[in-house]
Structure formats: C-alpha cells, structure tokens
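What follows is each chain in one-letter form.
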Amino acid sequence: MPVDLSVAVPLAWVIPFVLLLLAIAVFPLFAPHFWEHNRNKGIVAAVLGLPVALWAWQTQPHALMETAHDYGAFMLLLGSLFVVAGGLYLDGDLRATPKVNCVFMLIGAVLANFVGTTGAAMLLIRPLLRTNSERKHVRHTVIFFIFIVCNVGGCLTPLGDPPLFVGYLRGVPFLWTLRLWPEWLAMNLALLAIYYVWDSRAIRKETAKALKADITNFVPLSLQGKVNLLLLAGIVPAVALAPMGTREAIMAGIALLSLALTPRGVRARNSFAWGPIIEVAVLFAGIFVTMLPALEYLREHGPELGVKTPLHFFWITGSLSSFLDNTPTYLTLLALAQSLDMPRQVAGVSHEILTAISLGAVFMGAMTYIGNGPNFMVKAIADSSGVKMPTFFGFLLYSVAILLPLLAVLSLVTF
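Calculation criteria
- Residues numbered from 1 in each chain as written.
- Predicted model: local features only at pLDDT ≥ 70, side-chain atom pairs only at ≥ 80, totals over all residues.
- Heavy atoms only, no water.
- Helix = DSSP H or I, 4+ residues; strand = E, 2+ residues; numbered from the N terminus.
- Buried < 20%, exposed > 50% of the residue type's maximum accessible area, 1.4 Å probe, protein only.
- Contact = heavy atoms within 4.5 Å.
- Core = buried A, V, L, I, M, F, W, Y, C linked by side-chain atoms within 4.5 Å.
- pLDDT = per-residue confidence, 0-100.
- Polar contact = N/O pair within 3.5 Å; in protein donor to acceptor, adjacent residues only side chain to side chain.
- Salt bridge = Lys/Arg side-chain N within 4 Å of Asp/Glu carboxyl O.
- Pairing = 2+ DSSP bridges.
- Axes fitted to C-alpha atoms, helices over the stretch in contact; angles between N-to-C directions.
- Parallel < 35°, antiparallel > 145°, perpendicular 65-115°, else oblique.
- Left-handed = near helix turned anticlockwise from the far one by under 90°.
- Nonpolar A, V, L, I, M, F, W, Y, C, P; charged D, E, K, R; others polar.

> How would you summarise the overall build of the protein if you had to cite specific residues and measurements?
The secondary structure content of the protein amounts to 18 helices and two strands. Considering only C-alpha atoms, the protein reaches an extent of 70 × 50 × 40 Å along its principal axes. Looking at the protein residue by residue over its 415 residues, the buried ones come to 55%. In the protein, 84% of the contacts between residues at least 6 apart in sequence involve partners at least 24 apart.

> Tell me about the side chain of Arg247, and name the residues and values.
Inspection of the secondary structure puts Arg247 in helix 11 (residues 246–261). When its relative accessible area of 6% is taken as the criterion, Arg247 is described as buried. The contacts of Arg247, once residues within four sequence positions are left out, are His69, Ala73, Tyr168, Leu169, Ala238, Val239 and Ala242.

> Help me get a handle on the nonpolar core, residues and values and all.
The tendency in soluble globular proteins is for nonpolar side chains to be buried side by side. If you look at the biggest cluster of nonpolar residues, it comprises 118 residues, and the most contacted ones within it are Phe145, Phe147 and Phe313. Looking at this core element by element, the count peaks at 14 residues for helix 5 (residues 98–131). Leaving out residues up to four positions away in the same chain, Phe313 has contacts with Val307, Lys308, Leu333, Leu336, Ala337, Leu340, Ile353, Ala356 and Ile357. The next biggest cluster of nonpolar side chains, apart from the first, holds six residues, and it includes Ala56, Ala63, Leu64 and Leu292.

> Lay out the confidence of the model for the protein with the relevant residues and their values.
Averaged over every residue, the pLDDT of the protein is 89; residues scoring 70 or more account for 98%. Below pLDDT 50 for its whole length, residues 1–6 participates in 25 contacts with residues either more than four positions away or in separate chains.

> Requested: an account of the environment of Ser321, with residues and values cited.
With respect to the element layout, Ser321 can be found in helix 14 (residues 310–323). When neighbours within four sequence positions are excluded, Ser321 is seen to be in contact with Asn326, Thr329, Gly360, Ala361, Met364, Gly365 and Gly371. For Ser321, the side chain forms a polar contact with the main-chain oxygen of Thr317, separated by 2.8 Å.

> Can you lay out the pattern of salt bridges for me, pointing to particular residues and giving the numbers?
Scanning all chains against the criterion turns up eight salt bridges. A salt bridge links Asp214 to Arg95, with the shortest nitrogen-to-oxygen separation between them at 3.6 Å. Separated by 119 residues along the polypeptide, Asp214 in helix 9 (residues 208–216) and Arg95 in the loop between strand 1 (89–93) and helix 5 bring together distant segments of the chain. Owing to a relative accessible area of 3%, Asp214 belongs among the buried residues under this scheme. Residue classification places Arg95 among the partly exposed positions, given a relative accessible area of 37%. Ionic pairing is found between Asp383 and Lys379, a salt bridge with its closest N-O pair at 2.6 Å. Separated by four residues within a single helix, Asp383 and Lys379 lie in helix 17 (residues 373–384), roughly one turn from each other.

> Lay out the pairing of strand 1 with the relevant residues and their values.
Summarising burial for strand 1: five of the five residues are buried, a large majority. Covered by surrounding structure in strand 1 are Tyr89, Asp91 and Asp93 together with Leu90 and Gly92, the residues of both alternating faces. Both strand 1 and strand 2 (residues 219–224) contribute to a ladder of four bridges, which runs antiparallel. Paired with Leu90 across the bridge in strand 2 is Leu223.

> Please give an account of the packing of helix 1 (residues 15–30) against helix 3 (residues 38–59) that cites residues and values.
Where helix 1 contacts helix 3, the two axes come as close as 10 Å, and the packing angle between them is 165 degrees. Between helix 1 and helix 3, the interaxial angle falls into the category roughly antiparallel. Regarding helix 1 and helix 3, the two cross each other, and that crossing is left-handed. Touching Pro16, Leu19, Leu20 and Ala23 of helix 1 are Val44, Ala45, Leu48 and Val52, all from helix 3. In the contact of helix 1 with helix 3, the residues fall into eight nonpolar, no polar and no charged.

> Summarise the environment of Met342; cite the residues concerned and give the values.
Of note, Met342 is situated in the loop between helix 15 (326–338) and helix 16 (351–363). Note on Met342: relative accessible area 18%, which makes it buried. In the structure, Met342 is positioned eleven residues away from Ile353 in sequence and 9.8 Å away in space, judged by C-alpha atoms. Apart from the residues within four sequence positions on either side, Met342 is in contact with Lys308, Ser350 and Ile353.

Put into structure tokens, the structure is as follows:
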C-alpha cells in the first residue's frame, strides 16, 4: 500500500535519501577500507535516517509503522533465503566446456527465481570457478555469470530480486511477474548465445596441458545439505499464499529449521558468514526510512517531471539502477508512476509502466558492480580464486558493449 504522509513534503527532506544512495555508490570505490565495516555503514545510515524517522513520526506515525512492517517482511525474506541457500553446498569439478558453462548459467537463471539472485549466485559461483580452474581464460565467464545469474535471471517471481519483492509488498500480485517471461527468455538466450560463441573461441586459446588437466581432474557434482531443498520449497507458498503475519512467522521458522538441521561442516565449506546479511539489514534500514519523504515528494510533483511513457520509465529506472541500489530506484519510479494520470491496472499504475520499471530495475542492475548486491560478492569470490576481474570502469565497458545493445533492442520491441 502506498505511503501517505498527508502533508506537503519540503524538498530538503529528500536530501538524506539522496546522500545515502550516493554513499552506497561512492564509498566502495573511494573509501573501501572504511566501508568494509558494517559498523561504519550503520553510523552513516543512522546519521541520515534518524532525523527523517523523527520527522515522519511527528507528521504521520502510521506511515513510519507501515514502512517498518515492510522493512521487517523484506529482511525476513532475504534472511530466510540467505540462511537456507547458505546450507546448500555444491561440490564437484566438471569439464570446463562452453556447453557446461552455459548449463551452469541457465540453471542459475531459473534457480534465481526461487532462492533469489544472491542465493543462486552464492550456490553456483564456487563450483563454476572450480570447474574452470584449469583454464586460464576465465574472466568473461564470471562477467556473463554476473549478467545472467546475479541479475537478468531473477525477474520471474518476487523472490528473484529485492525490488520485485518490495513491489509485491506494495500491492503487485505475486504471479504478476510471470508476465515478464518473454523478456526473461529473450535476454537470457541472447546472453547465453553470445557467451557460447565467446567461450568457444576462448577455449581454443587454452594450452593442451590445461585441457588435459581439465579432463583428468573431473569430479562429479554432489549436493550437501539437501534438507534445505525441502525448506526452500516451503518459502515460495509462504510468500505467495500465507496472510500477512503468518507469512513472516513461516519464513522465520524455516530459517531456524535450516540452522538447526544443516550440519555445521556444510556451512563452513560454503564459507557461510553473517556479514553480508547484516550489511543489507543496516543499509536498508536507512533506505526504508529516508525514502519516505522522497516517495511522497514524487507523488506530489511527479506530473511536473515529464516522465510519462514506458520507454521513459524503462531507461530512467535502468540508468539509476546501474549506479544506485535497484530496490529504492524501483520504489521511487513506482511512486512517480502512481502520481500520473493514466490507467491504474495494478499497484496504481498500468501494466506497461510496471513492466518497464521492473525490467529496468532488474536487468540494468547488471551494468556495474554496484548495481545489485550479488555483483560485487561474485567479483570478490572470483578475485580470491585467482581470476583477475576488471576494474569498475573495465566492467562497465563490458556491460556497455554487450548488455546495452541488447537492452536497446528489447526496449524498442517491448515498448
């Protein structure tokens, strides 16, 4: 349900939201040592968020309580998926052929819609790196993995990517995102086709010794922590069917069961740690609070901005999602769309506008390392495994050369 502060919002109260998004985008690049500590993230979020929380409590406490509930549901979903996916460990070392690598990514694109892009990425990136460990030319494989598994693959359900789940909390029906399957299929097939050609050329550059080692070191895949597959199967109906309150209790119970039933050794082999989910919790506490006046300001002044067509919404949502977090970007553009005088078919907007916002947020989160949470996590894992990943701007060159033309064609065909 849209938040209504019932008062005119001074533009100054939007500044904390903008500053927090800039901090998330800039600190990892220019002050990485400071930003790597969750305590410092918490300080930044508190300094910017507490004044807004006090202002919202004075003007309309109901809005703040509603936002607190949305934040709790959001974190319970991410937390339960994080815990359950962290209890699954996929071991093995397959042949590092273009076909095998494509299958890894295709499985990830499907799996992302059930365990989230973060869960799918964390489950598959290490076995993919082990599979390709004998090869020298591997960088492009990780880049396409980020494109497909960390981003494009997760647009079919609200479980797939955080902005879609927040949209679900704001009134988008759970099954609505299945409407995006043509775009999901087209983008994934196009990326896989490009990757297959690219990797087929790259594998020819490998030495005979590397290719022989790849064959010799073959280890079949095996999955540990299988009880978590059953637990994952319980999250989907809980989110889709259970009423508010019961839904959150079920997700919390599933997470606790996963912690109790999964052998500790499985999580240790998976390098499971609480740091990433604590980081998300801290930053999104600040985001959910500071975006209150920003969303209401857009509702008041949206018609003045001249953003009206699905094509506008697709590119503006996508451009912002490339350099800022895609969840607040999704909510900001959804609020802008709700302020316009147009058909209100779902969540206060038209199907076409919601499609544009959803695809822009999910697909263009792949444009940079900071566009979506799993991107930087996968980069860090690849770097630690000996794969020299491109710099921030180097990665941007890949995305501009590969993703941008596909997105341009997609936008012209779809909108």
